[in-house]
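The chain contents come next:
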Amino acid sequence: MDSEKEGKKTTGPTRGSGKEKTIAVFTSGGDSQGMNAAVRAVVRTALYLGCKAYFINEGYQGMVDGGEYIKEAKWISVSGIIHKGGTVIGSARCKDFRERAGRLKAAENLIKHGITNLVVIGGDGSLTGANLFRQEWQDLLDELVKTGKITLNQRMKCSHLNVVGMVGSIDNDFCGTDMTVGTDSALHRILESIDAIVTTASSHQRTFILEVMGRHCGYLALVAALASEADFVFIPEWPPEKNWAERLCKKLQQERELGQRLNIILVAEGAIDREGNAISAEMVKKVIVDNLKQDTRITVLGHVQRGGSPSAFDRILGSRMGAEAVLALMDATPDSEACVVSLDGNQAVRVPLMACVEKTKAVGTAMANKQWEEAVKLRGRSFERNLETYKMLTRIRPPTGTPKATSYRVAVMNIGAPCCGMNAALRSFTRNVIYRGDTVLGIMEGIDGFIEGNIKELQWSEVTGLVGQGGAILGTRRTLAGEGDNMAKIVKRIQSFAIQGLLIIGGFEAFHSALQMAKARADYSALKIPICVIPATISNNVPGSEFSLGADTAVNEITEICDRIRQSAQGTKRRVFMIETMGGFCGYLATLAGLAGGADAAYIFEEKIHIKDLMDDVEHMKAKMDEGVMRGLILRNECANNNYSTDFIFRLFSEEGKDKFTTRQNILGHMQQGGSPSPFDRNLGTKMAAKAADWLINRIKNGDGSKPDSAALLGLIRRQYKFTPLQELEDQTNFKYRIPRYQWWLKLRSLLRMLAQHDSCYEKEAESKGIRVRCLKSYLGYPQTLVDGSKLKFSEKKPAKIQ
């Protein structure tokens, strides 16, 4: 969300300041998972601000038809929809709205309800239509007054129409945002299908061709290929070479000769060759069967990709964008340009709608002109990186030319608890290094295995099939490098195996061990080698990175479990579920899963819990049950509070709410670490390891392993991958509680509370802490909490830091 600049007063809409405004939300065009989360956020944010909120059912068609299609939305209207796929308010293609007569009817229907603020959730066609509607608004009103359909008074009250868009599209084909609502969920469906197909394909030594959606954009096919080790991918932005049939057959034949039992080929529905001719799944199959006689099958995923429950990412993205869209409407003036809410790195931002539409159209123009490099570039840097990484990783084998005069020896190991994404990083790192002609040494069982000399050279074929496997194939331990005399033993192994660079994949222990090694360089010259850390832990508690490998998978696992737990009470008495999550002292999992699951509260260590807070939540839960809500959800981080344990809170809710609801508790335990890696974690691990390999080899070449910045952590900060010296991160770390001093996700806490309808939460909280709630934007824009030991503080101006 937009945040205030340090030292400036917070400005923006205060609670109840929107009493004169009426906001309507509708979904248009193709549906996508996560739309319901966005609708829910729009309605509840609007109601929080005191606005009237309306649903427009069936998209533009409902706007044109009016009547029962335009309904006022209440708080409970959007209860229990966040986990549902599609859109509960319906979507439809509308020919009528494309004509002026249809838009005239739509304007009349909006004015009848006093609606002058629209949130449109759809693709570029839907957003363009909304902008045209806005531009014609004055003329449409004049015509309605002239024909007696509306009065002059109505015309004056509804003189301006404000429009804010949100992109809901599984194709991720809209320029101006890093990710559209629904894309991540579609990738989940695709990879679930591929993982299922792999088992049967391997059993029968088959080649499977999967056709995925993407008529004009190959994002889904490309990222799915990268995250599934597909052998070949066909996308519209990067057509294959003219001799693609020959190259494809040669590659498939070589892989079978090397013992590979299956092959996966992905084809975007809009795939073309370099002459602009369509490439279909049937064409690819014919090439393989005619030339190789392989048993080849086609699976067209079709609308399966649009189905199912939205992923945690899409639920959170929809919630953040929905709230930001309402804030944008509150800030809008008659002269404001129509904007679209987009994702820039890890921030929800507003960008000019038509500028994004024009850039999106430019991609199609570049492809029509056969300017393939330009088309890829226009898709954005992320698309380029995905394509570059895919091309390197799908090499059949390392180069067979003249061997390098000097071959570097780099080692890779895991430290800490296992998590999904570790194996994807291992595969990517191994192949990147071997492709350069260098040697990769795999250290088994973490520091313990390092000390024992449990080290072996990794081969190209050994890492095949690892990208979709959970856990840690190399094995991992929590032992630290600095414990006892471990450092001296590690140094001996570095010397005996001639290790010139080291990659450590793991959580807080990995960061801590690497920092200990960096500090020990003064005593051990053998440690003066490049050392890189890739953060990998479900807790997401490593400094220097906004995201750690495994955290996205864990949030999805928790969210899915919460969905099932709440479903278990369907049709029974009113019930509240108390669920304990992992995370140590870091409340990331509880907060993000709470936001994705529509939780009523999430208790974490970073925000001190008082008995009054617990009782307020009990009363709030009673009030919701009286309104007609049947189920409640409370999440608690495992180390939120020593005294207010999960069992204590369960008993408190059971006793105080016994006249209104029953309570059940669940401790999720290690199932949060299990499962198959999410598309995000597969992709993140693959790209981070590729960057780590490049960084390590270059550092070895330059011989600067003794410099302070030669021991670094590779983190994802906003949209950039950044190597931060470990010793710089030491000051940013609370080692007692094993958490970073600054945690970006704390700013989402207030959004979670607001969407859960904690009606007086902000005023009571502010009064008790001695501060004044100034505006909604300040709560959605940046973190408000500081933690010093167990004492909670609030800051109105500076971002949150944990001391």
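Anything mentioned here points back to the structure above.
Residues numbered from 1 in each chain as written. Predicted model: local features only at pLDDT ≥ 70, side-chain atom pairs only at ≥ 80, totals over all residues. Heavy atoms only, no water.

K.L.:
I'd love a proper account of the pairing of strand β1 (residues 22-27), names of residues and values included.
P.N.:
Taking burial as the measure, the six residues of β1 include six buried ones, the bulk of the element. Here β1 shows a buried face lined by T22, A24 and F26 and a second buried face lined by I23, V25 and T27. Pairing analysis gives four bridges linking β1 to strand β2 (residues 52-56), with the strands arranged parallel. Bridged to A24 within β2 is Y54. Handedness of the β1-helix α1 (residues 35-48)-β2 crossover: right-handed. Across five bridges, β1 lies against strand β4 (residues 117-122) in parallel orientation. (Buried < 20%, exposed > 50% of the residue type's maximum accessible area, 1.4 Å probe, protein only. Helix = DSSP H or I, 4+ residues; strand = E, 2+ residues; numbered from the N terminus. Pairing = 2+ DSSP bridges. Right-handed = clockwise from strand over helix to strand, strands pointing away.)

K.L.:
Now, about the pairing of strand β6 (residues 207-212): what can you tell me, with residues and values included?
P.N.:
Of all six residues in β6, five are buried; the element is thus mostly enclosed. Alignment of β6 against strand β8 (residues 263-268), held across six bridges, turns out to be parallel. Across the sheet, residue L210 finds its bridge partner in β8, namely L266. Judged from the five bridges that link them, β6 and strand β9 (residues 296-300) form a sheet pairing that is parallel. Bridge assignment links L210 to a residue of β9, and that residue is T299.

K.L.:
Break down the sheet that holds strand β12 (residues 409-415) for me, citing the residues and quoting the values.
P.N.:
Backbone hydrogen bonds hold the strands of a sheet together, and the pairing may be parallel or antiparallel. If you walk across this open sheet you meet the seven strands as β14-β13-β12-β15-β16-β21-β22, and the pairing is mixed. Whereas interior strands pair on both sides, the edge strands pair on one side only; in this sheet they are β14 (455-457) and β22 (720-725). Taken over all neighbouring pairs, the strand axes of this sheet differ in orientation by 25° on average, direction set aside. Looking at chain direction, strand β21 (residues 711-717) and β22 are connected through six bridges and run antiparallel. Directly across from A712, in β22, lies its bridge partner P725. Against the sheet, helix α22 (residues 679-702) touches β12, β15 (501-506), β16 (531-535), β21 and β22, its axis set at about 170° to β16. (Axes fitted to C-alpha atoms, helices over the stretch in contact; angles between N-to-C directions. Contact = heavy atoms within 4.5 Å.)

K.L.:
Account for unusual backbone geometry, with residues named and values stated.
P.N.:
If you check the backbone angles, E58 has positive phi at about 65° while not being a glycine. Turning to its location among the elements, E58 is positioned in the loop between β2 and α2 (59-65). In this structure E58 comes out as partly exposed when scored by relative accessible area, which is 31%.

K.L.:
I'd love a proper account of the pattern of salt bridges, names of residues and values included.
P.N.:
Under the defined criterion, the tally for this structure stands at 38 salt bridges. Here R189 and E192 are joined by a salt bridge, their closest N and O atoms 3.2 Å apart. With a gap of three residues between them, R189 and E192 both fall in helix α6 (residues 183-204), about one helical turn apart. In this structure, R719 engages D344 in a salt bridge whose closest nitrogen and oxygen atoms are separated by 3.0 Å. Here R719 is found in the loop between β21 and β22, whereas its partner D344 is found in strand β10 (residues 339-344), with 375 residues between them in sequence. Its relative accessible area of 42% is what places R719 among the partly exposed residues. Here the salt bridges do not stand alone but share partners, grouping D178, D344 and R719 into one network. (Salt bridge = Lys/Arg side-chain N within 4 Å of Asp/Glu carboxyl O.)

Everything listed here is a matter of geometry and, on its own, says nothing about what the molecule does.
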